[in-house]
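These are the residues of each chain, in order.
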Amino acid sequence: MSQIDVEPSESIARKKKRYNSNSENNAMWETVDDEDGNPVKKSANTENKSAETEENKTENKRMSSAATVRSPLAPVENRGAQNNNNNNNNSADDDLENTLLAKNEEFFVYRRDRPVFIPAIDPFSQLSDEMILHIFKWLPKKTLIRCCFVSHRFNKIVHTDILWTRLDLGGRCLKAGALGNVISRGVVILRLASTGIPDPIFDGDLSDWDSYESKLQYLDLSMATISTAGLELLLSKCRKLKKLSLEHVRVTDGVCDEIAANSDIDSLNMTMCEGVSATGIYAISAKLRNLRCLNICWTNLTTGALEVFVKNVTPDLLRLNIAGCRNTMTDAILKQLVRQCPNLVELDVSDCPKLTTEGLKCLGSLKSLEYLSIARCYIVDVTAFLNHHLKQSPALAYLDVFGLLREESLEILSSTFSGIGFNKFIYSSVARPTVGTRRTSIWGFRTRD
C-alpha cells in the first residue's frame, strides 16, 4: 500500500462505525416462541455478524499499522481527491482534515531560526560635550527643554549659559516662579512684551536669591502684566541693564530707584507709564548719566516733575520724547531743556498745546537737530518757525506737523522747503524696542535663534 492511499486512523474509525450501523439495519430477523410460548424476534445471522465483526477488527488493525509509517511530508492533495471519489458524504470532514495537516506540514517546512539581537549603541556616547553643545545650538527652546529629561548628561549640557543667551516669551502667560528659573539660566536678551507674569517672580525662599544677580542686559517688558512689587524685585536682581522698556506698565518710586541703580542704561522707554512722580523722575535723570535715548511721553508729568527733569538730565542726551504734557510743558521749561541738552538730534514735543512760536525759536541753538515733532501744538505758526529756525540750524531733515496744516497748505510748504520731509513718521521710535512689524528682535538684537 502506497503512502498516498493510506488513510488516517481517525477516518478508519468513522468508517468502522458506519459499517457496523449498516450491518445492523440489514440483518434478517425471525420470530420464535420462548419457553412460555410468547413470540419474540431473534436475529437469523447472529453468528455471521460476530464473524464479520472479527474480520473488521483485523482489517482495521492492519490499516492502522500501515498509517503509522506515513511520511509527515507526504502530499495531502492526492489523498483528499481519493477520499472524495470514495466517499462523497464525508467531503467536508476530509477538507478540514487536509487543512489541518497542511498547516502542520508548513510549520515544519518553513520554520525560521530565532533572530539574534545585537545590543544598541548610543551614538551620542561617542561624542564629546562640546560637539553635543554645538548640535543643541540649532534646536528651538521647546526641544531643549525636552532634552533635559533624556539623561543627566543632556540635562547638564542644556543648562549651559550659551544656549540661553536670547529668549522670546512675548505674549505668553508664565507660571508662578517661572521667570526666576528662566533668567537664572544666564539669559542676556529677553523679550516679555504682553506677557503675564504672576507672583512670585522667584520660586522658593527669597533668601536663596539674596546674592543672585542676573546677566540681563536687554529687557523688554512693554505692556506686560506684572505687579509693582514683582517688578521692583525683578529689577533689584538686574544691575547690568543697557536697554529697558516699561511701556504701559505701572511703576512706583521704588521701581524708579531700581532702574537708576543700572548706571549703564543708555536707552529707556517709559511710554504711558503710570505712577511716575517727581521723586522717581529725579532718580532716573540724576543717576543715569550714560542715558542717550529717553521716552517719557504721556506719563502725566507734573510741572514740578518737568522742572526737576530738565535741571538734572544728562547733557549727553541725544533723543528725547516728552510728548503729551498738555498742561505742564511751557516755553520756559522748553528753553531750560534746550540749554541742558544742547546735543539733541531728535526731539518730540507734540501734544503740548501751550508751546508758542516764540518759545520754539530757542530750538535754533540745537545745531544737530535732525528730527522735530510739534504735532497738535495748535498755536504754532509753522512757516514763521521754519523761516527763523533754518537760518540758525540748517540740519533739520524731518518735521511732523500733524493737525496744524491742511493738505493744500502742506503741499505749498513742501514745495517751498524741499529739503525737509513733512509728516514722514506717524509714531515715534525713540527708545522703543520694536519698530513696525518686526517682532523677532529688540533694539536690533535677535530674540530667537
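Just so it is clear, the structure is predicted and the values come from calculations on it, not from any experiment.

Participant: Please clarify how the packing of helix H9 (residues 228-236) against helix H10 (residues 253-260) should be interpreted in this entry.
Facilitator: Axis separation between H9 and H10 bottoms out at 9 Å; the angle between their running directions is 15°. One element, H9, and the other, H10, form an angle in the roughly parallel class. Our pair here, H9 against H10, has a crossing hand that is left-handed. For the pair formed by H9 and H10, the contact residues are Thr 228, Leu 231, Glu 232, Leu 235 and Ser 236 on the first element and Gly 254, Val 255, Glu 258 and Ile 259 on the second. A per-class count over the contact of H9 with H10 returns four nonpolar, three polar and two charged.

Participant: Even after reading the chapter, I still don't get the confidence of the model for the protein, so can you show me in this structure?
Facilitator: Here the protein averages 82 in pLDDT, while 75% of its residues score no lower than 70. Residue range residues 1-10 is modelled with pLDDT below 50. Its contacts to residues more than four positions away, or to other chains, number 20 contacts. The model gives residues 45-49 a pLDDT under 50, and that stretch makes three contacts with residues more than four places away or in other chains.

Participant: Looking at this structure, how should I read the layout of surface pockets?
Facilitator: Over the atoms, a rolled probe matching the size of one water molecule traces out where space is still vacant. Here the largest pocket defines a volume of roughly 580 Å³. Of the residues contributing to the lining of the largest pocket, the split by class is 10 nonpolar, two polar and nine charged.

Participant: What is the right way to read the sheet that holds strand S3 (residues 166-168) from this model?
Facilitator: Sheet strands line up and pair through hydrogen bonds in the backbone, either parallel or antiparallel. A sheet is described by the order of its strands in space; here 11 strands give the open sequence S3-S4-S5-S6-S7-S8-S9-S10-S11-S12-S13, paired in parallel fashion. A strand with exactly one partner marks an edge of an open sheet, and here the two such strands are S3 and strand S13 (421-422). Looking at chain direction, strand S10 (residues 346-348) and strand S11 (residues 371-373) are connected through three bridges and run parallel. Directly across from Asp 348, in S11, lies its bridge partner Ser 373.

The rules behind these values
Residues numbered from 1 in each chain as written. Predicted model: local features only at pLDDT ≥ 70, side-chain atom pairs only at ≥ 80, totals over all residues. Heavy atoms only, no water. Axes fitted to C-alpha atoms, helices over the stretch in contact; angles between N-to-C directions. Helix = DSSP H or I, 4+ residues; strand = E, 2+ residues; numbered from the N terminus. Parallel < 35°, antiparallel > 145°, perpendicular 65-115°, else oblique. Left-handed = near helix turned anticlockwise from the far one by under 90°. Contact = heavy atoms within 4.5 Å. Nonpolar A, V, L, I, M, F, W, Y, C, P; charged D, E, K, R; others polar. pLDDT = per-residue confidence, 0-100. 1 Å grid on protein atoms, 1.4 Å probe; cavity = no way out; pocket = protein on both sides within 12 Å on 5 of 7 lines; lining within 4 Å. Points joined across faces, edges and corners; volume = space filled by probe spheres on them. Pairing = 2+ DSSP bridges.

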